[in-house]
Amino acid sequence: MMNRYISYLKESPMFQLSLSSKELFHSNFIAWVISNYKNACSFLLTKHLNIESDFLITHVKREENHKDITVYFSNNEGESRKLFIENKVKGIPTYEQLLNYTTTDERVHYLLLSLIKPAFAQENKVYINELDKEWKCINYYDLAQILKELVGEVQEKNSYHANIIKDYIDLAISLHNLTEEINGDIRKEAYNYGTNSNILDQFREVRLHDFFLKLKHEMIAVEFYKEIKQRIPGIKLVPYKKWEKANVGEVFVGSGFTNGSGISEVKYVIGERFGSPIILGVQIQDTQFRLFTESSKRISIKIAEQLFRNNLWFNFSEAVKSEITEKEEYPKPGIKGKKFNTYSQPFFYRSVKLRECPIDSIVKIVTLYIDYIHREKQNLLKTIDEALY
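All figures in this text were calculated on a predicted structure; none of them were measured in a lab. (Residues numbered from 1 in each chain as written. Predicted model: local features only at pLDDT ≥ 70, side-chain atom pairs only at ≥ 80, totals over all residues. Heavy atoms only, no water.)

1. Thoughts on the overall build of the protein
Here comes step 1: Along its length, the protein carries 12 helices and 14 strands.
Here comes step 2: Along the first, second and third principal axes, the C-alpha atoms of the protein reach 75 × 45 × 35 Å.
Here comes step 3: In the protein, which comprises 389 residues, the share counted as buried stands at 52%.
Here comes step 4: Carbon and sulfur atoms make up 46% of the accessible area of the protein, which amounts to about 18,400 Å² in all.
Here comes step 5: Between the centroid of the 53 positive side chains of the protein and the centroid of its 51 negative side chains there is a distance of 5 Å. (Helix = DSSP H or I, 4+ residues; strand = E, 2+ residues; numbered from the N terminus. Buried < 20%, exposed > 50% of the residue type's maximum accessible area, 1.4 Å probe, protein only. Areas by Shrake-Rupley, 256 points an atom, 1.4 Å probe, with all protein chains shown as cover. Lys, Arg positive; Asp, Glu negative; His and termini not counted. Charge placed at Lys NZ, Arg CZ, Asp CG, Glu CD.)

Given below as structure tokens:
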């Protein structure tokens, strides 16, 4: 089935046009439909989003204050409503991103359109607890069904526009179906998402390999979250955030995409020194299994060196024993005395190479390392303090 959907995308002119701007294409198309068929879209959007039915669309704006689409409504009484639409085609939204887009204004409604529902969504909604607000979540199949309701009215006014919308509906359904094919029971799969993966080659043919990796690593991150929550009672799991904003005791799970490969990671804030969080964590990217530390530039290297010297962190024996990784560690000894690799001065890591192994095994080993941090955090902090004071 996956080959069938990929073949359709290869042959679809609409999909080929979308590749030039990806998310911008879809947001531009949706904004174009709403702008040209305001009355019909007013009925559909108010029906699906619980906006009062006497409100009609007046205009639509793109990228206003970083919002993908803003739809403006008014009624005969001079009252107004706004709808923020956040559109995610090849990316996955973070809770922090939606929180930043949410206001206390009671006149504003929120819609998340995404190929994949984020892990923090509950059924078809994301609750923003800090502001007592909610985002309604729909996928591209849902979008296609809404557009189908529109086609008849558009056909009466402009058959060319109707045919374009029909083509887009087919594209939206194909993207949804392809996503559903990817979105299986991740823990039963083998981890083979390295840069030389055969399945990645198929997605590269339609320039969706980045979406495939983002989705798979988001799914792995969800399994990290579920396993940690189940296996480590009392642990404080919170939505993913920037490490600089983290609080002591918080644990957050995240995923991403950088340098052509996906990332899944867990970060544990074991303490704070000199106004900076001290984080220990586990990360997988491409074929690397990493243990890392993260803190301010002032103290991060001292923390990493002290924990490594005392063999309290950067110990891969459990990963090697479980046979999910090779034994050789990186950086290799003897290379100019280098002990750590780094993306930036706050982040230092050592790694071993992942084998093609069950994702379930990776999830369990990552949880084992997080459990170790949880049990030993006082001892870890005591050892860190010996280097800092």
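2. Re the packing of aromatic side chains
The description of an aromatic ring pair rests on the distance of the ring centres and on the angle between the ring planes.
Here comes step 1: Under the counting rule described, the total for this entry stands at 21 aromatic pairs.
Here comes step 2: Ring plane angle 55 degrees and centroid distance 6.5 Å describe the contact between Trp313 and Phe314, whose orientation is recorded as tilted.
Here comes step 3: With relative accessibility at 2%, the residue Trp313 sits in the buried group.
Here comes step 4: For Phe314, a relative accessible area of 2% gives the class buried.
Here comes step 5: Between the aromatic rings of Tyr343 and Tyr349, the centroid separation amounts to 5.7 Å while the plane-to-plane angle is 40 degrees, which identifies the pairing as tilted.
Here comes step 6: Through a chain of ring-to-ring contacts, the aromatic side chains of Phe289, Phe308, Trp313, Phe314, Phe316, Phe340, Phe348, Tyr369 and Tyr372 assemble into a single cluster.
Here comes step 7: Across from the ring centre of Tyr349, 4.5 Å away, lies the NZ or CZ of Arg290, which sits over that ring.
Here comes step 8: Geometry around Phe274 places Arg298 over its ring, the cationic atom sitting 4.1 Å from the centre. (Phe/Tyr/Trp six-rings, centres within 6.5 Å; stacked < 30°, edge-to-face > 60°. Lys NZ or Arg CZ within 6 Å of the ring centre and 35° of its normal.)

3. With respect to the sheet that holds strand E2 (residues 67-74)
Strands belonging to one sheet form pairs held by backbone hydrogen bonds; the direction of such a pair is parallel or antiparallel.
Here comes step 1: Across the sheet, which stays open at both edges, the 6 strands sit in the order E1-E2-E3-E4-E6-E5 with mixed pairing between neighbours. Of all the strands in the sheet, just strand E1 (56-64) and strand E5 (125-128) have a single pairing partner and so form its edges. The mean inter-strand angle of the sheet, taken between neighbouring strand axes irrespective of direction, is 25 degrees.
Here comes step 2: Two strands pair when backbone bridges link them, and E1 and E2 are joined in this way by 7 bridges, in the antiparallel orientation. Bridge pairing in E2 places Leu56 opposite Ser74. (Pairing = 2+ DSSP bridges. Axes fitted to C-alpha atoms, helices over the stretch in contact; angles between N-to-C directions.)

4. Section: empty space enclosed by the protein
Think of a ball as big as a water molecule: rolled over the atoms, this probe shows where empty space is left.
Here comes step 1: A full pass over the atoms with the stated rule returns 3 cavities of 30 Å³ or more.
Here comes step 2: If you add up the space inside the largest cavity, you get close to 210 Å³.
Here comes step 3: For the largest cavity, the lining is made up of 14 residues, of which Ile30, Ile34, Leu45, Leu143 and Ile146 are closest to its centre.
Here comes step 4: Mapped by element, the contributors of at least two residues to the lining of the largest cavity are helix H3 (23-36), helix H4 (38-49), strand E4 (108-114) and helix H6 (140-157).
Here comes step 5: In terms of residue count, the dominant contributor to the lining of the largest cavity is H6 (4 residues). (1 Å grid on protein atoms, 1.4 Å probe; cavity = no way out; pocket = protein on both sides within 12 Å on 5 of 7 lines; lining within 4 Å. Points joined across faces, edges and corners; volume = space filled by probe spheres on them.)

5. Section: the pairing of strand E14 (residues 347-354)
Here comes step 1: Among the 8 residues that make up E14, 7 are buried, leaving the element largely enclosed by the rest of the structure.
Here comes step 2: Inspection of the sheet shows strand E11 (residues 288-294) paired to E14 by 7 bridges, in the antiparallel sense. The partner of Arg290 across the bridge, within E14, is Ser351.
Here comes step 3: Taking the residues between adjacent antiparallel strands as the criterion, strand E13 (residues 341-344) and E14 are bridged by 2 residues.

6. Digging into the packing of H3 against helix H7 (residues 159-182)
Two numbers describe a pair of packed helices, the interaxial angle and the distance between the axes.
Here comes step 1: Look at H3 against H7: their axes get within 12 Å of each other, and the N-to-C directions meet at 140 degrees. On the basis of their axis angle, the class for H3 and H7 is oblique. Considering the relative orientation of H3 and H7, their crossing is left-handed. Residues Phe25, His26, Phe29, Ile30, Trp32 and Val33 of H3 form the contact with H7, whose own contacting residues are His161, Ile164, Ile165, Tyr168, Leu171 and Leu175. (Parallel < 35°, antiparallel > 145°, perpendicular 65-115°, else oblique. Left-handed = near helix turned anticlockwise from the far one by under 90°. Contact = heavy atoms within 4.5 Å.)

7. Side note on the nonpolar core
The tendency in soluble globular proteins is for nonpolar side chains to be buried as a group.
Here comes step 1: Within the largest apolar cluster, 110 residues are counted, with the highest numbers of intra-cluster contacts made by Leu150, Tyr168, Phe289 and Ile370.
Here comes step 2: With 12 residues, the top contributor of residues to this core is helix H12 (residues 359-388).
Here comes step 3: Core analysis: the next-biggest nonpolar cluster, separate from the first, contains 12 residues, Tyr95, Tyr110, Leu112 and Trp135 among them. (Core = buried A, V, L, I, M, F, W, Y, C linked by side-chain atoms within 4.5 Å.)

In short, the description is geometric, and any link to function would need to be established separately.
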